[in-house]
Amino acid sequence: MVHQHSSQPRLSPGSYEEDIALLLAPRLAYFAGAARHEHVTRAAQEMGVPQSTLSRAIVRLEQDLGVALFTRKGRTVSLTPAGRTFLTSVERALAEVERAAESVQADADPSGGRVAFGFLHTMGSETVPGLIRAFRADHPRIRFTLVQNYGEAMIEGLRAGALDLCLTSPVPDAPDLVARRLDEQRLRLVVPDDHRLAGRKRIRLAEAADEAFVTLEPGYGLRRITDDLCAEAGFTPRVAFEGEEAETLRGLVAAGLGVALLPPPAVARPGVVELTVTAPRAVREIGVAWLDGHPDTAPVAAFKKFLLSRRGHLLPE
């Protein structure tokens, strides 16, 4: 193999990192193969490339770096001190790339891949466990990364690629998302069990206009729904406490610190009474959303199809 040093390295110290990576990355495996065999022909045979291709790639790599990586004697090569230093990092980088490739291939495996699935906190105790149990009856090896969060955070997770799908409310309407309504959930006015309204079974929301409310923080879908329903009933809620989780709000109601509009609990909580709201119609729509144009792996496509098949039957009875 004939080796000539370039009079100037192709990359100056001020070159951008991405330019360096683009030039060097395709040649690193050839370099590591030649270093492993200390023979160009044997390395080329193992890697299934012509010997001339491997030789040219190594020469170009040395030209790009402006450093001799090998000393040569015929087709036999041995690492220079700079080559040995470089090889340590190259082998580490190639191993990391191989692990990354194996990981994404495993995640996309139709029978045992992974789905990153986000959902509201209020759906974590019953709805989501039931859905996954039903889905895994036919897909027992598919794995899930489960993320509980509020709606806006999950939408950002979709956009960032951290989530494949999410169950959220209200159903989002954005040009970069696809969303499908799956079900609706009645909301109840939750009051302390010694409250003046505790003896009632039904109530018009306007009757609670003078009450202190405990609500989720701004940015949560249920907070927006609460504000909208109160506005429809003709008042702005007087917010006494804000929280991040529905069962915490129930605890605040039980302590006599206000009333709240909440979905039904998984388990009845002592100290509160839950009233049916007759007007306005107090429901929240639950939908599934994903990033428009984002290609699905086989596991994600299967779980998406399953969720859409549950339209109208998503929530526990």
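Summary of the structure given here. Just so we're clear, the structure is a prediction, and the values are computed from it rather than from any experiment.

1. Details of the overall build of the chain
A tally of regular secondary structure across the chain gives nine helices and 13 strands. Against the compact-globule benchmark of 20 Å for 317 residues, the chain has a radius of gyration of 30 Å, which places it well outside the compact range. Seen through its C-alpha atoms, the chain measures out along the principal axes to roughly 95 × 45 × 35 Å. Looking at the chain residue by residue over its 317 residues, the buried ones come to 40%. Sequence separation of at least 24 residues holds for 75% of the intrachain contacts in the chain that already meet a minimum separation of 6. Surface summary for the chain: the accessible area is close to 16700 Å², and the carbon and sulfur share equals 50%. Averaging the locations of the 38 positively and 40 negatively charged side chains of the chain gives two centres separated by 6 Å.

2. So, the sheet that holds strand β4 (residues 143-148)
Pairing is mixed in the open sheet, where five strands are placed in the order β4-β3-β5-β13-β6. If you trace the sheet from one side to the other, it starts and ends with β4 and β6 (177-186), each paired once. The mean inter-strand angle of the sheet, taken between neighbouring strand axes irrespective of direction, is 20 degrees. Pairing of strand β3 (residues 114-119) with β4, which is carried by six bridges, proceeds in the parallel orientation. The partner of G118 across the bridge, within β4, is V147. Across the sheet, helix α6 (residues 151-160) touches β3, β4, β5 (165-168), β6 and β13 (283-291), and the angle it forms with β5 is around 165 degrees.

3. Considerations on the packing of aromatic side chains
Summed over the entire model, instances satisfying the criterion amount to eleven aromatic pairs. Here F31 and F70 contribute two aromatic rings whose centre-to-centre distance is 5.5 Å and whose plane-to-plane angle is 55 degrees, an arrangement assigned as tilted. With F31 in helix α1 (residues 17-37) and F70 in strand β1 (residues 70-73), this residue pair connects regions lying 39 residues apart in the sequence.

4. A few points about the packing of helix α2 (residues 40-47) against helix α3 (residues 51-65)
Interhelical geometry of α2 versus α3 gives an angle of 110 degrees and a closest axis separation of 8 Å. In terms of their interaxial angle, α2 and α3 are classed as roughly perpendicular. As for the relative orientation of α2 and α3, their crossing is right-handed in sense. The segment α2 lies against α3, with V40, T41, A43, A44 and M47 engaging Q51, L54 and S55. In terms of residue class, the contact of α2 with α3 is made up of five nonpolar, three polar and no charged.

5. Some points on the pattern of salt bridges
Considering all chains together, one arrives at 18 salt bridges under this definition. Notably, a salt bridge pairs E207 with R200, separated by 3.0 Å at the nearest N-O pair. Of the residues examined, R200 reaches a relative accessible area of 34% and is grouped as partly exposed. Bridged by salt links that share partners, the residues R181, E184, R281 and E285 form one connected network.

About the thresholds
- Residues numbered from 1 in each chain as written.
- Predicted model: local features only at pLDDT ≥ 70, side-chain atom pairs only at ≥ 80, totals over all residues.
- Heavy atoms only, no water.
- Helix = DSSP H or I, 4+ residues; strand = E, 2+ residues; numbered from the N terminus.
- Rg over C-alpha atoms; globule rule 2.2 N^0.38 Å.
- Buried < 20%, exposed > 50% of the residue type's maximum accessible area, 1.4 Å probe, protein only.
- Contact = heavy atoms within 4.5 Å.
- Areas by Shrake-Rupley, 256 points an atom, 1.4 Å probe, with all protein chains shown as cover.
- Lys, Arg positive; Asp, Glu negative; His and termini not counted.
- Charge placed at Lys NZ, Arg CZ, Asp CG, Glu CD.
- Pairing = 2+ DSSP bridges.
- Axes fitted to C-alpha atoms, helices over the stretch in contact; angles between N-to-C directions.
- Phe/Tyr/Trp six-rings, centres within 6.5 Å; stacked < 30°, edge-to-face > 60°.
- Parallel < 35°, antiparallel > 145°, perpendicular 65-115°, else oblique.
- Left-handed = near helix turned anticlockwise from the far one by under 90°.
- Nonpolar A, V, L, I, M, F, W, Y, C, P; charged D, E, K, R; others polar.
- Salt bridge = Lys/Arg side-chain N within 4 Å of Asp/Glu carboxyl O.

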